[in-house]
Amino acid sequence: MPRELGPAGITSSERRVFEALSKSVLAGSAMHSLNLPAHEYKLTAELDFVLVLDELILAVEVKGGQVSCHDGLWTYSDRAGHRRTSREGPFKQVQSAMYALRERLKARLGVEVDDVAFGYLVVTPDVDLASSFEWDDETYCGRGPFNRGIENAIDRARKYWLGKQANKFPIGKELHARLMHDLRPSFDRSPLLDARANLLDATMVRLTEEQYARLDLISDEPRVVCSGGAGTGKTFLAAEVARRQALLGQRVLFTCRSEVLAAFATRTLEGTAVEVRAASDLGDVTPYDVLVVDEAQDLMTFDILEDLEQAVVGGWADGRWTMFLDQNSQAHLYGDFDPDALAYVQSFRPVKPTLRFNCRNTREIAFQTRAYTGADTGVATAGTGPEVAFVAVDDQQAELAALEKHLRSLTEQEVAPEHITIVSLRGEWETSVAKGLRAARKGRLTQMSPALASVWPGGGTTWSSAVDIKGMENRFVCVVDIDSVTTGTELDLLYVALSRPRAGLWVATSPHVKEQLGELFKQHLDGAMDAYKKAAV
């Protein structure tokens, strides 16, 4: 039965039907999401599944969630509460698509298709529809029959359709092969990676509904600790909060620990009245009306909190301040995270909203990050992208060759150099594999610095430690120099590195690191799968 799902737009109900078909003992082949370029009255149509059985081609339409029909108007509601209506019910929809499929096959394969039986089946895995004179029971599989086993429903539909079509012949091995080749030929043509990244970026430049809701809450509350995993838009939202407060005439300070991130925020907030300073650069300042802190988990020491308190009118108890922090605390990155300091901040009873939707990473990247680190990366909403590539390398020379090859591939895919960042877990330029790259030898590889962050992403390929790129991102990221992933610090660094890309992720692993990653994958797979399924709804 089916080997894989179609590439995009997969609903949870289609995934459940896919899993049921995969576990069945039915003889034949199944295809998910088959597009029909020709249709009697539509520009295009799509069949959720097409089953090529031994005696029948069966078109399957899946409708998940709530399904209802009143006065000829069908209403479909998914689990997220989204509703849509249609005058064309699922039975008419799949019937017309089945006829379009038959005519297309006949035009391409000839009169031999006239000897093949066709049929259709509607599946509603979440509900049972009442019987109706508009369809025969054998053409429908509701929640009850689906839970008892989809094989029985398919066999019932098979017998029904064969009974209505006399003088049809079984589908032989040769014809089956021709049908499969014609329905879904083997090829590997896709839009260039840079074009796909452009489409992904278009979904990320707008505030999400969740972020709008958090902005409304923050504007009403004097003290806020907003948490979210990597990719949930914390830095973007922190800058927006600061900008809006400045527009209200408030003196606003935006601060973080990293000088690199501070330089990036300065560029982001250029043209506003917001003042940006790294926490180490606060000095003696006149207290500000509003304090906005990004990557606040990096500042959780009592010494730093004391400096920050002096920077806001009213201090922690009576001041107006907003903190953004990652609940995956990354406590080991700077080595001085103090949970008592965080508890102290929370003792002032700030409101504590959470960002649950990952608007940076593709589903593939969010899944892999969670599967290997266990971190809560949120529900990915940015869509699907290229597969994450893990490349096995035996030594640094092999790693250099593999990285060089991958960078050439990205160039061939028209990815601009400035959209590529190499992230080193070891974080030492002198020992990094990237130092041996042709681009590095020719001066075309720029190391991360506050100056680079102020013009990010700059004009060429970049190299950064995982610590320095915290809070920032790029379209394509190559992760290198992974010595081990067993300690808390190493896992925190891995989490940061894997979650930086918006579109494409490439990771080089030695044999012993690959083994360590395998153990981590076993530990965190269930949580990662749950998050992936939520993203696919």
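Residues numbered from 1 in each chain as written. Predicted model: local features only at pLDDT ≥ 70, side-chain atom pairs only at ≥ 80, totals over all residues. Heavy atoms only, no water.

1. Structural notes on the overall build of the chain
Looking only at helices and strands, the chain has 18 helices and 22 strands in total. Looking at the chain as a whole, 53% of its 537 residues are labelled buried. Excluding contacts between residues fewer than 6 apart, the proportion of contacts in the chain whose partners are at least 24 apart in sequence is 70%. Total accessible area on the chain stands at roughly 25000 Å², and carbon and sulfur atoms take up 48% of it. (Helix = DSSP H or I, 4+ residues; strand = E, 2+ residues; numbered from the N terminus. Buried < 20%, exposed > 50% of the residue type's maximum accessible area, 1.4 Å probe, protein only. Contact = heavy atoms within 4.5 Å. Areas by Shrake-Rupley, 256 points an atom, 1.4 Å probe, with all protein chains shown as cover.)

2. Quick look at the sheet that holds strand β6 (residues 83–86)
Here we have 3 strands laid out as an open sheet, ordered β4-β5-β6, and antiparallel in their pairing. Looking at which strands have only one partner, the edges of the open sheet turn out to be β4 (66–70) and β6. On average, each strand axis in the sheet is inclined to that of its neighbour by 20°, with strand direction left out of account. (Pairing = 2+ DSSP bridges. Axes fitted to C-alpha atoms, helices over the stretch in contact; angles between N-to-C directions.)

3. Considering the packing of aromatic side chains
The relative placement of two aromatic rings is captured by the distance of their centres and the angle of their planes. Inspection of every chain in the model, using the stated rule, returns 13 aromatic pairs. Look at W74 and W135: their rings are 6.2 Å apart centre to centre, the planes differ by 45°, and that puts the pair in the tilted class. With a gap of 61 residues between them, W74 in strand β5 (residues 73–77) and W135 in the loop between β7 (117–123) and β8 (140–141) connect regions that are remote in the sequence. The exposure class assigned to W74 is buried, which follows from its relative accessible area of 6%. Pairing Y372 with F521 gives two aromatic rings, centres 5.3 Å apart and planes at 50°, and the pair type is tilted. On the criterion of sequence distance, the pair formed by Y372 in helix α13 (residues 363–373) and F521 in helix α18 (residues 511–536) is long-range, its members being 149 residues apart. (Phe/Tyr/Trp six-rings, centres within 6.5 Å; stacked < 30°, edge-to-face > 60°.)

4. Thoughts on the sheet that holds strand β13 (residues 320–325)
The strand order across the open sheet formed by 6 strands is β11-β10-β12-β13-β9-β14, and the pairing between neighbours is parallel. For this open sheet the edge positions go to β11 (275–278) and β14 (354–355), each flanked by a neighbour on one side alone. Of the strand pairs in this sheet, strand β10 (residues 252–256) and β11 are connected by 4 bridges, and their pairing is parallel. What sits directly across from T255, in β11, is R277. Running over the sheet, helix α8 (residues 234–247) touches β9 (223–228), β10, β12 (290–293), β13 and β14 and is turned about 165° from β13.

5. A few points about helix α9 (residues 259–268)
Restricting attention to buried positions, one finds in α9 the residues V260, L261, A262, A263, F264 and A265. Buried residues in α9 make contact with α8, β10, β11 and α16 (450–453). One side-chain oxygen of the residue at the start of α9 lies 3.2 Å from the amide nitrogen of V260, identifying that residue as S258. (Polar contact = N/O pair within 3.5 Å; in protein donor to acceptor, adjacent residues only side chain to side chain.)

6. Structural notes on the confidence of the model for the chain
Low-pLDDT stretches of the model should not have their predicted coordinates read in fine detail. On average, residues of the chain score 85 in pLDDT, and 87% of them are at 70 or above. Predicted confidence in the chain is weakest over helix α6 (residues 193–202), with a mean pLDDT of 55, and strongest over strand β18 (residues 420–424), with 97. Counting interchain partners and residues more than four positions distant, the pLDDT-below-50 stretch residues 37–44 has 14 contacts. Under a pLDDT of 50 for its full length, residues 186–191 has, in the predicted model, 3 contacts with residues more than four places off or in other chains. (pLDDT = per-residue confidence, 0-100.)

7. Some details on the side chain of T462
Within the secondary structure, T462 sits in strand β20 (residues 461–465). Residues contacting T462, with those up to four places away along its chain left out, are I420, T421, I422, L445, T446, L452, W456, P457 and N474.

8. Some points on the side chain of S424
The topology assignment puts S424 in strand β18. S424 has contacts with S432, W463, S464, S465, A466, V480 and D481, leaving out every residue within four places of it along the chain.

9. What about the nonpolar core?
In this structure, F254, V292, M472 and V479 are the most contacted members of the largest nonpolar core, which totals 57 residues. Sequence-distant contacts of V292, that is, excluding residues within four places in its chain, are made with A238, V241, A242, V252, L253, F254, T255, T322 and F324. Judged by nonpolar contacts, the second largest core, of 52 residues, contains V17, V62, A117 and A157. (Core = buried A, V, L, I, M, F, W, Y, C linked by side-chain atoms within 4.5 Å.)

10. Side note on the packing of α13 against helix α17 (residues 488–498)
Two elements in contact, α13 and α17, have axes whose closest approach is 10 Å; the angle formed by their N-to-C orientations is 175°. By the angle class used here, α13 and α17 are roughly antiparallel. Contacts from I365, Q368, T369, Y372 and T373 of α13 reach α17 at L491, L494, Y495 and L498. (Parallel < 35°, antiparallel > 145°, perpendicular 65-115°, else oblique.)

11. Remarks on helix α5 (residues 173–183)
Considered for burial, the residues of α5 that qualify are L175, H176, L179, D182 and L183. Burial along α5 is one-sided: seen end-on, the buried residues are contained in an arc of 135°. Turned more than 90 degrees from where α5 packs its buried face, K173, E174 and H181 sit exposed. (Arc of directions from axis to C-beta.)

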